[in-house]
Amino acid sequence: MISITVNGKAQKLDVEEDMPLLWALRDELKLMGTKYGCGIAQCGACTVHVDGQPVRACVTPVGSVQGKKVLTIEGLSKPGLHKVQKAWIEHAVPQCGYCQTGMMMAAAALLQKTPQPTDAQIDDAMTNLCRCGTYARVKKAIKSVAAGGKSAPAKA
Amino acid sequence: MNAITRREFIQVSAASGAALTLEFSIPGTAFAQKAAATPAEVTAWILIHPDDRVTIRIARSEMGQGSLTGLAQLVAEELECDWAKVGWEYASPNEHVKRKRVWGSMSTGGSAGVRTSQEYLRKAGASAREMLVAAAADQWKVSPADCTVANGVITHGASKRRVSYGKVAAAAATRTPPDEKTVKLKDPKDWKIAGKDVARLDIPDKVLGKPVFGVDVNLPGMLMASIAQCPVFLGKVKSVDSAAAEKMRGVKGVVKGTDFVAVVADNWWRANNALKSLKIEWDEGANGKVSDESIKAMLKAGLDEKGLPNARSTGDVPAAMTAATKVVEAEYYSPYLSHATMEPMTATAWFKDDGMLHVWTSTQNGEASMAAASEAGGLPLEMVEVHKMMLGGGFGRRGAPQDYVKQGVIIAKEFKGKPVKMIWSREEDMQHGFYRPVSLVRMKAALDKDGAVTAMHSTIACPSILALLRPEGIQKGIDFTAVRTFADMTYTIPNQLCEYAQKNPHVPVGFWRAPGLQNSFYRECFIDEVAHAAGKEPLAFRLAMLKPDDKNRLVLEACAKAADWGKPLPPGVFRGIAQSDGFGSYTAMAAEVSVNPAGEIKVHRVVFAIDSGYVVNPDACRAQAEGNVIFCIGQFYQAHHIKDGRVAESNFHDFPLPKMAEMPKVETHLVPTGGFWGGHGEPGALNVAPAIMNAVFAATGKRIRTLPFTADELKKA
């Protein structure tokens, strides 16, 4: 049995220690907001927080997070919308939306550590892949959070 | 609750603010309450609830392009309802068949969602409005002509009586719809909902991770499957040793198809792990030696063939070439590319005890998915239902080829009574695509003594998408997706010849975002070469070949003006420009680029102008332009190489996608001139490569004619 805390809730999982956290979340706990994209930590669609740090769940064995706190997109919005999610709505960031949960988890972690990131810091931290090409709006949304939500929205 | 019926599914969707969420834990009482408040179907497209909420049915698929919202805007505009009360649901493919295709085409491609359904959707909204007004007028015993509507409320001016749509919807639904020919549509200049930046309906749920993508389907007792297909396209399974796999934890079975093997387990990771332990012997067929080199040789031979079919032949090209003061000739090449949707191919299938086959999948065409499921399941269409899930990208991969749906059904057939969710690994996804065709094009232009182009001859050697996916679309030996931009170019060159060498290696090809866009790269870079050879400025050279009333000209001028064409640039920054039309729209793009001494390109600014006739949601159109630009920047380093009959690349480490740091500033200028309807999902892709490569030429004097290319090729001597 592997004990982990997911979104504040203690969970016991009867799974192999080397099962990636991604598949423990998706297929065992049925938390479907964390996505599979590549399985080799290239795309970031599976980004979750483990003890506050962004990790790529597809290459993180669930055994390695025993006793740790995992936060997924389903937990990010509790109690209300996270400031990143608000900015994502304001700037109409998502297109297909598939990568966006990982993208928002990465952005939330970046802003936690670096509340006022420069463009270069955003480029360095946000290595998540988005095939629809929402990068300009992702950056705009991150900067609007950094500015306390004061920047003009993308829409006219 | 063990099963969810279509009816429950619709109600759940509506209850959750029209989000496409599958919830199985809603207690029966909630359903009972919802059932009591059944909406009235005023037309097939429009459901109005007693509490005035409006549910608009959507037949096309939302894959991030935003047409879901645009389509709803068009209906709502004519319906005159309160936009704040608008929700949506997908039209059921099964009901579609039973109701004689009442929702028209479900195909989502060719940037056609809005432009090919706008008229009947606006008419559906207007018809429903007329029916609602007539129902209210009947109740009041007044003339409908004396009633007005706004925001879903009908008012009889003289008596000051008011009633909301929800109160008269049931009565309206029993009326005979007006004759379509008599239904009048608004002048777009009077639009209040369409043409405006209304917030996209799908975004609020997407930031919560709530939408159910194909891979997220979660059904009671569901099993997961991972699949391995013959690495060499068209190959088959010879034998499988699954002894080890079948002993692994969670494994429920191994399915051997004709050209694939799948492992089914209680968790996808377990299924995929067990898959790796299979010993599969493949019959590779005759294509095990095909390589990039053999394909290139095949294309090259095509260029030299005599008597190729003509896509265009005007004037006397050979005579003009002979009479030319100067002839410019070049060959351009680009490789196979995969769609690389972030969500891999996936399908969930469930042969239910009642004889119905249900399929949940990410599809660009619900009807095509149903046909594929019916064929693979051996059931008539009426016995198949397809639940359209949110798509994690489409870009053309999930339309015509429904390979993954067929596989999902074949796998589930071995587990009758249980839902089975098949997800392709990224490796399978990358190595079993329907790729953008490889192509090799030779262009030849004749210049007279004044530097004017008197003739252009293009020969295109390219696999045919239509031959594989829609053979009836080939006319007189021509696949229009292979010859576009040459066959239909509007440059006023008096003598033109466009020939097509259809060469089909065994690698499957498909509709990749803006099918045929390579031709824009070839033509617009070649035109730049010809301008250079003629000693002319590239923009002026193009304008001189475009008629005054050509919309290509108008949009090119708009782009050049917005891009400050001709004005000074910062040191080290250079411009390029390109124009080409497609998918119903006219577009031009200018790029500002610098190239560092290591030969690395930086795209600073892209200015895009598009005339789509009308614009339904400007911000969604701008988002498409931004996405198209960065999508296409990937072309400079992406390629699929064919080696031993298979695709060599397997994941994002060797088929990289563009990242945040590469995203240039994109300025989109929407310049609709009205009178026609053009698309937005793809036109923005057309001119990205040529605008940037023309700027690279301006920066380096080096002409890139082959994609992808390395920094070494641009390194300054």
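Residues numbered from 1 in each chain as written. Chains lettered and ligands numbered in written order. Predicted model: local features only at pLDDT ≥ 70, side-chain atom pairs only at ≥ 80, totals over all residues. Heavy atoms only, no water.

**Q** Hey, could you go over the pattern of salt bridges for me, with residue numbers and the actual values?
**A** A full pass over the atoms with the stated rule returns 53 salt bridges over all chains. Between Asp216(B) and Lys35(A) there is a salt bridge, with its nearest N and O atoms 2.3 Å apart. Taken together, the residues Asp216(B) in the loop between helix H7 (203-206) and strand S8 (223-229) and Lys35(A) in the loop between helix H1 (21-28) and strand S3 (47-50) connect one chain to another. Neither Asp216(B) nor Lys35(A) differs from the other in exposure class; each is buried. Connected through shared salt-bridge partners, Asp14(A), Glu16(A), Glu28(A), Arg249(B), Asp266(B) and Arg270(B) make up one network. (Salt bridge = Lys/Arg side-chain N within 4 Å of Asp/Glu carboxyl O. Helix = DSSP H or I, 4+ residues; strand = E, 2+ residues; numbered from the N terminus. Buried < 20%, exposed > 50% of the residue type's maximum accessible area, 1.4 Å probe, protein only.)

**Q** Describe the sheet that holds strand S27 (residues 665-670) of chain B, naming the residues involved and giving the relevant values.
**A** Residue and element names in this part refer to chain B. Here we have 4 strands laid out as an open sheet, ordered S22-S23-S24-S27, and mixed in their pairing. Strands with a single pairing partner mark the edges of an open sheet, and in this sheet they are strand S22 (574-582) and S27. In this sheet, adjacent strand axes meet at a mean angle of 15° when their direction is disregarded. One ladder, built from 6 bridges, connects strand S24 (residues 601-611) with S27; its direction is parallel. For Ala 609, the partnering residue across the bridge sits in S27 and is His 669. Strands in contact with helix H22 (residues 688-700) are S22, strand S23 (585-595) and S24; relative to S22, the strand with the most contacts, it is inclined by about 155°. (Pairing = 2+ DSSP bridges. Axes fitted to C-alpha atoms, helices over the stretch in contact; angles between N-to-C directions. Contact = heavy atoms within 4.5 Å.)

**Q** How would you explain the domain arrangement of chain B if you had to name every residue and give the values?
**A** All names here are of chain B. What the domain assignment reports for chain B is domain 1 (36-206), domain 2 (214-285 + 345-423) and domain 3 (292-337 + 435-714). Distance from the C-alpha centre of domain 2 to the C-alpha centre of domain 3: 37 Å. Area buried by domain 2 at its contact with domain 3 is led by Phe 233, Phe 395 and Ala 400, which between them contribute 59% of it. One can count 2 residue pairs in polar contact (both at pLDDT 80 or more) joining domain 2 with domain 3. A breakdown of the residues in the side of domain 2 that touches domain 3 according to their chemical character gives 7 nonpolar, 1 polar and 2 charged. (Domains from an automatic or database assignment. Buried area = accessible area lost by both parts, 1.4 Å probe. Polar contact = N/O pair within 3.5 Å; in protein donor to acceptor, adjacent residues only side chain to side chain. Nonpolar A, V, L, I, M, F, W, Y, C, P; charged D, E, K, R; others polar.)

**Q** Can you explain the sheet that holds S3(A)? Please cite residues and give values.
**A** Across a sheet, strands are paired by hydrogen bonds formed along the backbone, either parallel or antiparallel in direction. Residue and element names in this part refer to chain A. Spatial ordering of the open sheet is given by S2-S1-S5-S3-S4, a layout of 5 strands whose pairing is mixed. Of all the strands in the sheet, the pair left with one neighbour each is strand S2 (9-13) and strand S4 (53-56). On average, each strand axis in the sheet is tilted by 40° relative to the strand beside it, whichever way the strands run. Here S3 pairs with strand S5 (residues 69-71) via 2 bridges, running antiparallel. By the bridge assignment for S5, His 49 is matched with Leu 71. Here H1 sits on the sheet and contacts strand S1 (2-6), S2, S3 and S5; the angle it forms with S3, its principal contact strand, is near 105°.

**Q** Residue-level account of the layout of surface pockets, with values.
**A** All names here are of chain B. Space inside the second largest pocket adds up to approximately 870 Å³. Around the second largest pocket, the lining is made up of 36 residues, and of these Leu 234, Asp 259, Asp 403, Phe 434 and Pro 508 lie nearest the centre. Among the elements of the structure, helix H12 (366-377), helix H13 (403-413) and helix H15 (465-469) are those that each provide at least two residues to the lining of the second largest pocket. When residues of the lining of the second largest pocket are assigned to their parent elements, the largest contribution, 4 residues, is made by H13. Counting only domains with at least three residues in the lining of the second largest pocket, you end up with domain 2 (214-285 + 345-423) and domain 3 (292-337 + 435-714). (1 Å grid on protein atoms, 1.4 Å probe; cavity = no way out; pocket = protein on both sides within 12 Å on 5 of 7 lines; lining within 4 Å. Points joined across faces, edges and corners; volume = space filled by probe spheres on them.)

**Q** Can you tell me about the packing of helix H3 (residues 67-79) of chain B against helix H5 (residues 118-140) of chain B, naming the residues and giving the values?
**A** Residues and elements named next belong to chain B. The interhelical angle for the contact between H3 and H5, taken along N-to-C directions, is 35°, at an axis separation of 7 Å. Handedness of the crossing formed by H3 with H5: right-handed. In this structure, H3 uses Leu 71, Leu 74, Val 75, Glu 78 and Leu 79 to contact H5, whose residues at the interface are Gln 118, Leu 121, Arg 122, Gly 125, Ala 126, Ala 128, Arg 129 and Leu 132. Across the contact of H3 with H5, the residue classes tally to 8 nonpolar, 2 polar and 3 charged. (Left-handed = near helix turned anticlockwise from the far one by under 90°.)

**Q** For the interface of chain A and chain B, give the residues involved together with the corresponding values.
**A** Interfaces are frequently sized by the accessible area removed from exposure as the parts join. Listed by partner, the interface residues are 51 residues for chain A and 61 residues for chain B. Between chain A and chain B the total buried area reaches about 4,700 Å² when both faces are included, carbon and sulfur atoms providing 59% of it. Inspection of the chain A/chain B interface yields 22 residue pairs in polar contact (both at pLDDT 80 or more). With 5 residues, the top contributor of residues to the side of chain A that touches chain B is helix H6 (residues 135-146) of chain A.

**Q** I'd love a proper account of the domain arrangement of chain A, names of residues and values included.
**A** Residues and elements named next belong to chain A. For chain A, the domain assignment lists domain 1 (2-76) and domain 2 (83-146). Between domain 1 and domain 2, the residue contacts involve 16 residues of the former and 12 residues of the latter. Interface area for domain 1 against domain 2, summed over the two sides, is near 1,300 Å², with a carbon-plus-sulfur share of 62%. The interface formed by domain 1 and domain 2 includes 0 salt bridges. Counting every contact that joins domain 1 to domain 2 gives 6 residue pairs in polar contact (both at pLDDT 80 or more). Broken down by element, the side of domain 1 that touches domain 2 gets its largest block of residues, 3 residues, from S3. The residue makeup of the side of domain 1 that touches domain 2, split by class, is 8 nonpolar, 6 polar and 2 charged.

**Q** Tell me what's going on with the side chain of Arg129(B), and back it up with residues and numbers.
**A** All names here are of chain B. With respect to the helices, strands and loops of the structure, Arg 129 is situated in helix H5. For Arg 129, a relative accessible area of 17% translates into the label buried. If we skip the residues at most four places from it in the chain, Arg 129 touches Glu 78, Leu 79, Glu 80, Val 149, Tyr 165 and Lys 184.

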